[in-house]
Amino acid sequence: MIKTAAASLATLASCLAVTCPALAQDAAAGTEAAAQGVVGEDEEDLGGQISGQIPGQILVIATRIKGQVDTTQPPIAVLDEAAIASYGAGSLQELLASLAPQTGSGRGRGGGMPVVLLNGFRISGFRELRGIPPEAIRRVEVLPEEVALQYGYRPDQRVINFILKDNFSSFGSETEFRLPASGGFTELEQEFTLTKIAGGNRINVTGTLSDASPLTEAERGIFQPTTGALVSGDPLAADFRTLIADSKSAQLNATLARALGAGAGLSANLLVQRDNSRSLNGLNAITLTDSTGSFSRTTLEPQPITTQRRTTTVQAGAALNKPLGGWNLALTADAGHIETKSTIDTRADLSGLQALVTAGSLSASGALPSSAIIPGVADRALSKTDTLTSLATLTGRPVRLPGGEVSLTVKAGFDYSGIETNDTRSTVGTINLKRGDAQGGFSLDLPITSRKEAFGAGLGDLSLNANAELHELSDFGTLTNWGGGLTYGPTEKLTLTASYVAAEKAPALTALGGPTTVTPNVSIFDFTRGETVLATVISGGNPNLVKESQRDWKFGLNWTLPFMKDSTFVAEYFRNRSTNTTNGFPLLTPEVEAAFPGRVVRDADGRIVSVDQSSVTFAEEKGSRLRYGLNISGNFGKPDPAAAQRGPMGRVMGAGGGRPAGAGAPPAGGPAAPGGRAPGAGRPPAAAGGPPAGGGGFRGGPGGFGGDGRGRWNLSIFHTVQFQQSVQIAAGGQVLNLLDGQALDGAVARHAIEMEGGGFYRGFGLRLSGNYTGGSRIDASGLPGSTTLRFAPFATFNLRIFADLGRKEKLVEKVPFLKGSRVSFSVDNVFNAQQRVTDDTGTVPLRYNPGYLDPRGAVFELEFRKQF
């Protein structure tokens, strides 16, 4: 077993190091498959019956998979079953994390989680899918931001479409144990999942339990400076300040989907979760002074300063997809209630101790009498958040132009959010914030020229998009969004895009009216004096915030490389200008302190005492960046004839033609395409980690991938370079160049690289991901005591090795329990890399101690997963 694993991993590693032979081999295999005219049994042809066929001729039928997204935008990445399995992910959430280089968006001022589709249709939320095992997924498509428009979303998030297998059933368990290389804490997670898919019907139930122990400052070697001498026997405050809280969590997530007939589908989801956490904020402390000197004293009386939180979450969602003639109606709704109860200890009154010292009845370094310590009264906070999002879209093709069919999406929806807070640290009592958001809008795609329609074919494929929407907010008035775009495909393998977005955004409810709270002993770096202090931080809402105006340009290129099979080059240029942006309070530089007078309170010596960090408005932010990268994949290793026999690759269309099967039940969770039109009938997708356009790749059997037992590898690598990142805090004020030594919320690096790759061969897999952040700096203010901070470049790598023990037939014969099992070992941050931040003297400021920046460091994880 060990020798087999070593041999497989050695083969895998050598393939990743030298890809050219594998590419050549893969290309040859692809040519052979094309010559054989292979068509998957679950695929559908786009051409129908072909007249004039020569008797006995072998035909290759262009195919598509049920559930593909119908769009003129080519995908950024496509994964078939083999590619999905090569990631070794235990859940779709893990798979999404592995796809971060492809799913991340550079649009606007930061991308969020991608829009998630199931079989090409909207669902109520990612909760519907998060518990489905990757083995149930037939294909994954990652699509650009513009595709979000046809599903009723704004074009600022990428789109990921999961296509389910028509039939699948499993019950599985997964156990994960994590331990950092530097010690200090442990994490344990246990998950059980039941999944059944039968045509358009689906049920998925997932239960998860997790437990994490705390990590303290002392365990990472962090000790705050004191104003007096320490006394032997006093407890160390660093032992009672946590970097990672002690936490426990339990979650139950259930989804039920049913086919309603006539291509309609209905799904419902319910999640219940309870989270408990306990964090330590230090000890009661005082500096006592007598004739022998000053002593910094700490005590466990009456108890360490603790914050305890209990959060209960209930969320429910539903989705209905239904064809209406040549149109498709999609209705989604999602509601949630989150209730958080917090108990925050306050500091005890130790002033009586100094009185005893002054009276001569207590030595400043002597034992502290508990009778002189007056316990503080704990603060209590209660927060209740209620949300509702609902959206109805009607999508169809109302008109046919010479260049093809016009696509129209019309949407209407209503969102609600309500927040009720009561905090004894606030002087305003109970706060109730409510917001209703009624919206309506459209997105229109106009085909201009088309090779398929033989209209302007010499020019290639050209289409235009126009979109607009209106929001009426109950507490903030009217907001408008509009935009347009152009998609041009001069060849089948090259697509160029350009799009413009104009949007208005309202500040979040909590940013406007959140309760004012006071938190003592927060570590803050004072850039004016070049020192780290423990200060009181005031947080809360700011009712004077105004709406943000955003203007974005995006230019993109998607090129399926003709000289390398299964490869795509993607390049995107983003340019953003936003005015009146809402932000959290930035780093406390002299420029920030001058722009917001009265926010910082200093003592007579100039040391910070308190900072008001409630939200602020910046006059203008500008940014431009280029993100480009490569997705490549292929097969390697020798074919396994036994694997090909166990997993038939499909059927050959010979004389007489015929139409592949696929007219049965609609995919689970979604109806057939509107008007019977095949999703994905636009421009062919460019594969990355999967097959080229039109197919789902070879349907691998139990013994291997590619249908013939060969291994699968892939690599994605993207580089982002920032050309501009500037902020004007106040109108008419100084413009800060964040790429040249000025800062707001941290140093901004000009260069960043992210990569993810790996492979799988006969039961053994390896994954490697990495992130590189370039160097940067924050310049000194020029005032006495100020210093320049230099942020060194650094790179982190994550490694994962896994073995599908269930694929090893001889091993399963000896140990039947291992059937359907997989074991994996991973290391996050393999080299324990942490960014080094130094001042002018080469010293690391306390606030930038690696324990603060990345308390976890290198973490080992052992996982055992079994499908019954």
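The notes below deal with the structure included here. Everything numeric here is computed off the predicted structure, so don't read it as measured data.

1. Quick look at the overall build of the chain
Helices and strands together make up the secondary structure of the chain, namely 11 helices and 46 strands. Within the chain, the fraction of its 868 residues that count as buried is 50%. Once local pairs closer than 6 in sequence are excluded, the contacts in the chain between residues at least 24 apart make up 73%. Here the chain has roughly 36,200 Å² of accessible surface; of this, 59% comes from carbon and sulfur atoms.

2. Observations regarding the side chain of Gln-742
Examined against the element boundaries, Gln-742 turns out to sit in the loop between strand E38 (735-737) and strand E39 (751-761). A relative accessible area of 18% places Gln-742 in the buried class. Of the polar contacts made by the side chain of Gln-742, one reaches the backbone nitrogen of Asn-737; its length is 2.7 Å. For Gln-742, the contacting residues outside a window of four places in its chain are Glu-591, Gln-734, Val-735, Leu-736 and Asn-737.

3. Quick look at the sheet that holds strand E34 (residues 608-612)
The 4 strands lie next to each other as E29-E30-E34-E33, forming an open sheet whose pairing is mixed. The open sheet has two edge strands, strand E29 (517-526) and strand E33 (600-602), and neither has a second partner. The mean angle between the axes of side-by-side strands here comes to 25 degrees, regardless of whether they run parallel or antiparallel. Two elements, strand E30 (residues 531-539) and E34, share 3 bridges in a ladder whose sense is parallel. Across the sheet, Thr-536 pairs through a bridge with Ser-610, a residue of E34.

4. Comments concerning the environment of Glu-863
Position of Glu-863 among the secondary structure elements: in strand E46 (residues 859-867). The class of Glu-863 is buried, set by a relative accessible area of 2%. Every residue in contact with Glu-863, bar those within four places of it in the chain, is listed here: Glu-94, Glu-174, Thr-175, Glu-176, Arg-800, Arg-822, Val-823 and Ser-824.

5. Observations regarding the pairing of strand E18 (residues 293-299)
Side-chain positions along a regular strand alternate between the two faces of the sheet. By the criterion of burial, E18 is predominantly enclosed, with 5 of the 7 residues buried. When strand E13 (residues 229-230) meets E18, the two strands line up parallel, connected through 2 bridges. Considered in E18, the bridge of Ala-229 is made with Phe-295. Pairing geometry for strand E17 (residues 284-290) and E18, over 7 bridges, is antiparallel. The partner of Thr-289 across the bridge, within E18, is Ser-294. Between the end of E17 and the start of E18, which pair antiparallel, lie 2 residues.

6. Quick notes on the pattern of salt bridges
One pass over the structure, following the stated rule, counts 47 salt bridges. We note a salt bridge from Glu-146 to Lys-554, for which the minimum N-O separation is 3.2 Å. One end of the pair, Glu-146, is in the loop between strand E7 (137-143) and strand E8 (159-164); the other, Lys-554, is in strand E31 (residues 548-560), and 408 residues separate them in sequence. Judged by its relative accessible area of 12%, Glu-146 falls in the buried class.

7. Notes on the packing of aromatic side chains
Counted under the stated rule, the structure contains 16 aromatic pairs. Looking at Arg-627, its charged tip hangs above the ring of Phe-718, at a distance of 4.4 Å from the centre. Stacked on the ring of Phe-868, the Lys or Arg Lys-866 has its end atom at 4.9 Å from the ring centre.

8. What to know about the nonpolar core
Residues Leu-95, Leu-129, Val-140 and Phe-162 are the most contacted members of the largest nonpolar core, which totals 28 residues. Elements with a minimum of two residues in this core: strand E4 (77-79), helix H3 (81-86), helix H4 (92-98), strand E5 (115-118), E7 and E8. Contact partners of Val-140, with chain neighbours within four places excluded, come to Ala-77, Val-78, Leu-79, Ile-84, Leu-95, Leu-99, Ile-160, Asn-161 and Phe-162. Of all hydrophobic cores here, the second largest spans 20 residues; its members include Ile-524, Ile-608, Ile-729 and Leu-736.

9. Some words on unusual backbone geometry
If a residue is not glycine, its phi is most likely negative; likewise, a peptide bond is most likely trans. Glu-301 connects to Pro-302 through a cis peptide bond whose omega is -10 degrees. Along the polypeptide, Pro-302 turns up in the loop between E18 and strand E19 (306-324). Of note in the backbone geometry, Asn-829 takes a positive phi value of approximately 60 degrees without being a glycine. Structurally, the position occupied by Asn-829 is in the loop between strand E44 (821-828) and strand E45 (837-838).

10. Notes on the sheet that holds E8
Pairing within the open sheet is mixed, and its 5 strands lie in the order E4-E7-E8-E5-E6. At either end of the open sheet lies a strand with only one pairing partner, and these are E4 and strand E6 (121-122). The pairing of E5 with E6 spans 2 bridges and is antiparallel. Note on E6: the bridge partner recorded for Leu-118 is Phe-121.

11. Describing the pairing of strand E20 (residues 327-344)
Relative to E20, E19 runs antiparallel, the two sharing 18 bridges. Pairing of Ala-319 across the sheet is with Thr-332, part of E20. Hairpin connection between E19 and E20: a loop of 2 residues separates the two successive antiparallel strands, and Gly-325 in this loop has a positive phi of roughly 65 degrees. When E20 meets strand E21 (residues 379-396), the two strands line up antiparallel, connected through 18 bridges. Counterpart to His-337 in the pairing with E21 is Asp-386.

Criteria and thresholds
- Residues numbered from 1 in each chain as written.
- Predicted model: local features only at pLDDT ≥ 70, side-chain atom pairs only at ≥ 80, totals over all residues.
- Heavy atoms only, no water.
- Helix = DSSP H or I, 4+ residues; strand = E, 2+ residues; numbered from the N terminus.
- Buried < 20%, exposed > 50% of the residue type's maximum accessible area, 1.4 Å probe, protein only.
- Contact = heavy atoms within 4.5 Å.
- Areas by Shrake-Rupley, 256 points an atom, 1.4 Å probe, with all protein chains shown as cover.
- Polar contact = N/O pair within 3.5 Å; in protein donor to acceptor, adjacent residues only side chain to side chain.
- Pairing = 2+ DSSP bridges.
- Axes fitted to C-alpha atoms, helices over the stretch in contact; angles between N-to-C directions.
- Salt bridge = Lys/Arg side-chain N within 4 Å of Asp/Glu carboxyl O.
- Phe/Tyr/Trp six-rings, centres within 6.5 Å; stacked < 30°, edge-to-face > 60°.
- Lys NZ or Arg CZ within 6 Å of the ring centre and 35° of its normal.
- Core = buried A, V, L, I, M, F, W, Y, C linked by side-chain atoms within 4.5 Å.

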